[in-house]
Amino acid sequence: MVARRRAPRRRAKKSFNVSAIEAGTALSLAQSTGFANALQTALNGNIAGAVNSMSNSIMSNKTKIIGTLGAAAIAKVASKGFASGTLAKLGPIRVKL
């Protein structure tokens, strides 16, 4: 009698893809919006202060933010990776065109 062979286990992929354009755009937007400081303020319990801080950062850096999004759109079109329509993603937040 022949011993039964076990079914081969499926292993999780050890690699993953990261879009350099999307990651760079997300990091630039996080810096331009003051996301880190606002998150730290919110974690300390001051939600209103965090929202106000982020709002002020966005208003003062809106030309930089628009430039970043425009450059990302041009880079996506140039790299032909624009089928998804996503310009940037950082966690659950996605910027789509």
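Fair warning: this is a prediction, and the values are worked out from it, not measured in the lab.

(A) Highlighting the pairing of strand β1 (residues 86-90). Pairing between β1 and strand β2 (residues 93-96): four bridges, direction antiparallel. Of the residues in β2, the one forming a bridge with lysine 89 is arginine 94. Hairpin geometry of β1 and β2 is characterised by an intervening segment of two residues between the two adjacent antiparallel strands and by a positive phi of about 65 degrees at glycine 91.

(B) Just the environment of threonine 33, in detail. Mapped onto the secondary structure, threonine 33 falls in the loop between α1 (20-32) and α2 (35-43). When its relative accessible area of 11% is taken as the criterion, threonine 33 is described as buried. Considered as a pair, threonine 33 and serine 55 are 22 residues apart in the sequence and their alpha carbons are 7.7 Å apart. Here threonine 33 is in contact with Met54, Ser57, Ile58 and Ile65, once residues within four sequence places are set aside.

(C) The pattern of salt bridges, seen in detail. All chains considered together, the criterion is met by one salt bridge. With a closest N to O distance of 2.8 Å, lysine 76 and glutamate 22 form a salt bridge. In this pair, lysine 76 sits in helix α4 (residues 62-78) while glutamate 22 sits in helix α1, placing the two residues 54 residues apart along the sequence. Glutamate 22 carries the same exposure label as lysine 76, and that label is buried.

(D) Molecular detail of the side chain of glutamate 22. Since its relative accessible area comes to 7%, glutamate 22 is described here as buried. Looking at glutamate 22, its side chain comes within polar contact range of the side chain of lysine 76, at 2.8 Å.

(E) Seen up close, the packing of α2 against helix α3 (residues 47-60). Close contact between α2 and α3 brings their axes to 7 Å; oriented N to C, the two are set at 170 degrees. Comparing their axes, α3 and α2 come out roughly antiparallel. Side by side, α2 and α3 meet where Phe35, Ala38, Thr41 and Ala42 of the first sit next to Ile47, Gly49, Ala50 and Met54 of the second. Of the residues that constitute the contact of α2 with α3, the class distribution is six nonpolar, two polar and no charged.

(F) Just α1, in detail. For α1, built from 13 residues, the straight-helix expectation of 18 Å at 1.5 Å per residue is met to within 8% by its first-to-last C-alpha distance of 18 Å. What α1 keeps buried is the set Glu22, Thr25, Ala26, Ser28, Leu29, Ala30 and Ser32. Buried positions along α1 lie against α2, α3, α4, β1 and β2. After α1 finishes, the residue glycine 34 shows a positive phi value of roughly 70 degrees.

What counts as what
- Numbering of residues starts from 1 in each chain and follows the order in which that chain's sequence is written.
- Side-chain atom pairs in this predicted model are given and counted only at pLDDT of 80 or more, local residue features only at pLDDT of at least 70, and totals for whole chains, interfaces and linings cover all residues.
- Just so you know, side-chain values use all the structure's heavy atoms and leave hydrogens and water out.
- Here, any two strands with at least 2 DSSP bridges between them count as paired.
- Per the convention used, a helix needs a DSSP run of H or I reaching at least four residues, while a strand needs a run of E reaching at least two, with both numbered from the N terminus.
- Relative accessible area decides the class of each residue, using a 1.4 Å probe on protein chains only: under 20% of the type maximum gives buried, over 50% gives exposed, and in between gives partly exposed.
- Note on contacts: a residue pair qualifies if any of its non-hydrogen atoms lie within 4.5 Å across the two residues.
- Criterion for a salt bridge: a side-chain nitrogen of Lys or Arg within 4 Å of a carboxyl oxygen of Asp or Glu.
- Polar contacts here mean pairs of N or O atoms no more than 3.5 Å apart (in protein, one a potential hydrogen donor and the other a potential acceptor; neighbouring residues in sequence count only if both atoms are side-chain atoms).
- Note on geometry: axes are C-alpha line fits, over the in-contact stretch for helices, and angles between N-to-C directions span 0 to 180 degrees.
- We call two directions roughly parallel when the angle between them is under 35 degrees, roughly antiparallel when it is over 145, roughly perpendicular when it lies between 65 and 115, and oblique otherwise.
- Ten residue types, Ala, Val, Leu, Ile, Met, Phe, Trp, Tyr, Cys and Pro, are classed as nonpolar, four, Asp, Glu, Lys and Arg, as charged, and the remainder, Gly among them, as polar.
- Expected helix span is taken as 1.5 Å per residue step, with the number of steps being one fewer than the number of residues.

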